[in-house]
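# Observations on the model geometry
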Amino acid sequence: MKYIENHLMKIKPAISKIGLGTARFGSRMDMQKAFELLDMFYEQGGSVLDTARNYDEWAGDGRGKSEECIGKWLSQNGNRKEMVLCTKGGVRRSKTGERYFDLSSCSLCEEVKESLEALQTDYIDIYLLHKDEKSRNVEEIVETMQRVCEIGKISAVGVANWTVQRLKAANDYAKKNGYREFQIVQTWWSLAEYTKEMWNDENTTHMTKEMYGYMMENQLLGMAYTAQCKGFFQKAIQDGIENIDEFLKKRIVTPKNIKKLGFIEEYCIKNSVHPTAIVNSYITDNLLQGIALVSCSSVEQLKEILEWDDYALNQKIIEALDAI
Ligand SMILES: NC(=O)c1ccc[n+]([C@@H]2O[C@H](COP(=O)([O-])OP(=O)(O)OC[C@H]3O[C@@H](n4cnc5c(N)ncnc54)[C@H](OP(=O)(O)O)[C@@H]3O)[C@@H](O)[C@H]2O)c1
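The model shown is predicted, which means the values in this text are computed figures rather than measured ones. (Residues numbered from 1 in each chain as written. Predicted model: local features only at pLDDT ≥ 70, side-chain atom pairs only at ≥ 80, totals over all residues. Heavy atoms only, no water.)

Within the element layout of this structure, Leu-37 appears in helix H1 (residues 31-43). As a C-alpha pair, Leu-37 and Gly-89 span 52 residues in sequence and 24 Å in three-dimensional space. The residues touching Leu-37, leaving out its near neighbours within four places in the chain, are Leu-20, Phe-25, Met-29, Cys-296, Ser-298, Val-299 and Leu-302. (Helix = DSSP H or I, 4+ residues; strand = E, 2+ residues; numbered from the N terminus. Contact = heavy atoms within 4.5 Å.)

Quick look at unusual backbone geometry now. For the peptide bond that leads from Tyr-55 to Asp-56, omega is 10°, which places it in the cis range. Among the structural elements, Asp-56 can be located in the loop between strand S2 (48-50) and helix H2 (65-77). Unusually for a residue other than glycine, Lys-153 sits at a positive phi of about 45°. For Lys-153, the location among the structural elements is in the loop between helix H4 (138-152) and strand S7 (154-160). One non-glycine residue, Lys-230, adopts positive backbone phi at about 55°. Along the chain, Lys-230 turns up in the loop between strand S9 (221-225) and helix H8 (232-239). For Lys-230, a relative accessible area of 38% gives the class partly exposed. (Buried < 20%, exposed > 50% of the residue type's maximum accessible area, 1.4 Å probe, protein only.)

Another aspect to go through is the packing of helix H10 (residues 255-271) against helix H13 (residues 315-323). Between H10 and H13, the least distance of the axes is 10 Å, while the angle of their chain directions is 155°. One way to sum up the angle between H10 and H13 is to call them roughly antiparallel. Considering how the two elements wind past one another, H10 and H13 form a crossing that is right-handed. Between H10 and H13, the contacting residues are Lys-260, Phe-263, Ile-264 and Tyr-267 on the first element and Ile-317, Ala-320 and Leu-321 on the second. Split by residue class, the contact of H10 with H13 holds six nonpolar, no polar and one charged. (Axes fitted to C-alpha atoms, helices over the stretch in contact; angles between N-to-C directions. Parallel < 35°, antiparallel > 145°, perpendicular 65-115°, else oblique. Left-handed = near helix turned anticlockwise from the far one by under 90°. Nonpolar A, V, L, I, M, F, W, Y, C, P; charged D, E, K, R; others polar.)

It is worth stressing that arrangement in space is one thing and function is another; only the former is reported here.
Here it is, written out as structure tokens:
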């Protein structure tokens, strides 16, 4: 397992560069299977678990289930101190089911208390604002985070799905006034070309050149979601692009991504490497320090990821992939 180096955060356990996505745990994936994945990840040196207060709201009554599942697993194993918990707040649903974003002090403080209870812990390693409430000014949000950090005993804060302009404005204000800065950015970041169709959600972001440059300059940590593009490269190489499911065909197949696929396939054959190694090492060996968040629907998928997690991908290959 690779770990984050020279980070400025106060997180004590080593921060693994593979993070386990737990969105479906305890809801779309039953607790027993989730525990199997958690056990395997932990035994192989993984420490970062990514969850959110609203996971897994897409599964009917799933809100809070992911955090509860992690809380039960931690309490059963007594290993809280060895794990790095990342949770998020700010996404709400109205009584009639509409999603909205609320970054008010009152709402975030309530959510962070609920997260602590569900996770069965008294501190949070990483807390992220899951989305941006664009109509609320960043000064107010930065000030709110001071209170949220006290309640949640939070080691590091960050944002998910924010634009670089809003992030920069927030961090400039925090720096000037001695408040906590956002040190982590979670966004869709992968070797594949970005497609609007993947998420089809105007409140979802991807790693832009501007964001990448800002993060490099300020040594922010990247948390890459959908780093594996839902298994597109692995599945297309194993089964043939014509046999991947319609979901992937619609969302990720572009001329550029087909070229990238060809490049990876050739590289893998020449170097006897599994495509999983390339997909995740693109993040874990990137010049910008990053954690590849992976989620798996089977133990076999996680086993494969962990078998290849130490693979060292040359910068020249990363550059070649970026140049396609
Ligand atoms: N902050 C945010 O807004 C945000 C958004 C999205 C995700 N996230 C976080 O990021 C985590 C990961 O996101 P994601 O689910 O989009 O990631 P992902 O790893 O790109 O996609 C997961 C899917 O990839 C396939 N897969 C996984 N391992 C594979 C392997 N070894 N070989 C072939 N296929 C494989 C599986 O698809 P099949 O089941 O079809 O086999 C699996 O369900 C989430 O759980 C969540 O914690 C955050």
